[in-house]
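Each chain, letter by letter, is given below.
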Amino acid sequence: MCAFDTHQSEREWMVTHTIAARGVRDKRVLDAIRRLPRDLFVPEELRSESYADCPLPIGCGQTISQPYIVALMTELLHLQGGEKVLEIGTGSGYQAALLAMLAGEVHTIERHVELSERAHKVTRQFGLDNLHFHVGDGSLGLAEHAPFDGIIVTAGAPLTPKTLLDQLSDGGRLVIPVGSHFGQDLQLWWRDGKKFDSESICPVVFVPLRGRHGWDGDEAEE
């Protein structure tokens, strides 16, 4: 799909040593990460650090998540290829593009117009016709396109929004960081009819989820 192979060896090293070595096993996820050039989603002045296992700033107070966490959160959705997925927090567009390579239809929502437009421009290079961009309050989800087989939230919420749980399809899975501004617990939720169950995965640190069902603007800036 992608002709940008100048960093192929770095991607291979990243997948082998910083992702698979830490327990991510989903072959489809690993292969997609091998193919997707993370350097194109990073500001030009930081591209030399594109394949380090760390988050990087992308503007508007946001970051592109570390590769291992992107891979882990993606693997937790158990995507097989035909699912409808919602991403909350487009950011750089890297996670959205990865999801679009693995699912049937992907919607991604971002509160910052500048980031959404930039991500859309970058991802157009890959011909991902199943990837749809929206601007708005991601904490509300995207009810007009629900239900979703998977929802992934790339910002830390104070609580898991019931609004998002309600937008899951039966059997759908939600991956979300929940906690304080300074650290969260990565949680996996899944729906069984009207019942929801959850599992704690690992500690993480994300920027705050802002919006009606996240942190308000003033708190998020602290």
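All values derive from a computational prediction rather than experimental measurement. (Residues numbered from 1 in each chain as written. Predicted model: local features only at pLDDT ≥ 70, side-chain atom pairs only at ≥ 80, totals over all residues. Heavy atoms only, no water.)

**Regarding the sheet that holds strand β7 (residues 168–179)**
In space, the 7 strands of this open sheet follow the order β5-β4-β3-β6-β7-β8-β9, with mixed pairing throughout. Either end of the sheet is taken by a strand with one partner, and the two such strands are β5 (131–135) and β9 (195–204). Strand-to-strand, the axes of this sheet are offset by a mean angle of 15 degrees, without reference to chain direction. As judged from the 4 bridges shared by strand β6 (residues 148–153) and β7, these two strands associate in the parallel manner. Residue pairing for β7: Ile151 is matched across the bridge by Leu174. (Pairing = 2+ DSSP bridges. Helix = DSSP H or I, 4+ residues; strand = E, 2+ residues; numbered from the N terminus. Axes fitted to C-alpha atoms, helices over the stretch in contact; angles between N-to-C directions.)

**A short note on the pairing of strand β1 (residues 56–59)**
In this sheet, strand β2 (residues 62–64) lies alongside β1 in antiparallel orientation, the contact comprising 3 bridges. Looking at β2, one finds that Leu56 is bridged to Ile64. Taking the residues that link successive antiparallel strands as the turn, the β1-β2 hairpin has 2 residues, and the phi of Cys60 there is positive, at about 60 degrees.

**A short note on the confidence of the model for the protein chain**
Averaged over every residue, the pLDDT of the protein chain is 93; the share at 70 or more is 95%. In the predicted structure, residues 217–222 sits below a pLDDT of 50 and forms 8 contacts with residues beyond four places in sequence or in another chain. (pLDDT = per-residue confidence, 0-100. Contact = heavy atoms within 4.5 Å.)

**Some thoughts on the layout of surface pockets**
The computed volume of the largest pocket comes to approximately 600 Å³. Considering the residues around the largest pocket, the lining is formed by 37 residues, among which Gln62, Thr63, Thr154, Ala155 and Val207 are closest to the centre. Going through the elements one at a time, β2, α3 (67–76), β3 (84–88), α4 (94–102), β4 (105–110) and β9 are the ones with two or more residues in the lining of the largest pocket. Among the residues forming the lining of the largest pocket, the class breakdown is 18 nonpolar, 14 polar and 5 charged. (1 Å grid on protein atoms, 1.4 Å probe; cavity = no way out; pocket = protein on both sides within 12 Å on 5 of 7 lines; lining within 4 Å. Points joined across faces, edges and corners; volume = space filled by probe spheres on them. Nonpolar A, V, L, I, M, F, W, Y, C, P; charged D, E, K, R; others polar.)

**Brief notes about the nonpolar core**
Here is a general trend for soluble globular proteins: nonpolar side chains tend to be buried in one another's company. Ile33, Leu36, Phe41, Tyr94, Val175 and Leu186 are the most contacted members of the largest nonpolar core, which has 52 residues in total. Looking at this core, the element that brings in the most residues is α4, giving 8 residues. Among all residues touching Val175, those that are not within four sequence positions of it are Met73, Leu76, Leu77, Ile151, Ile152, Val153, Leu186, Gln187 and Leu188. Grouped together as the second largest cluster of nonpolar side chains are 18 residues, Ile151, Val153, Leu164 and Leu209 included. (Core = buried A, V, L, I, M, F, W, Y, C linked by side-chain atoms within 4.5 Å. Buried < 20%, exposed > 50% of the residue type's maximum accessible area, 1.4 Å probe, protein only.)

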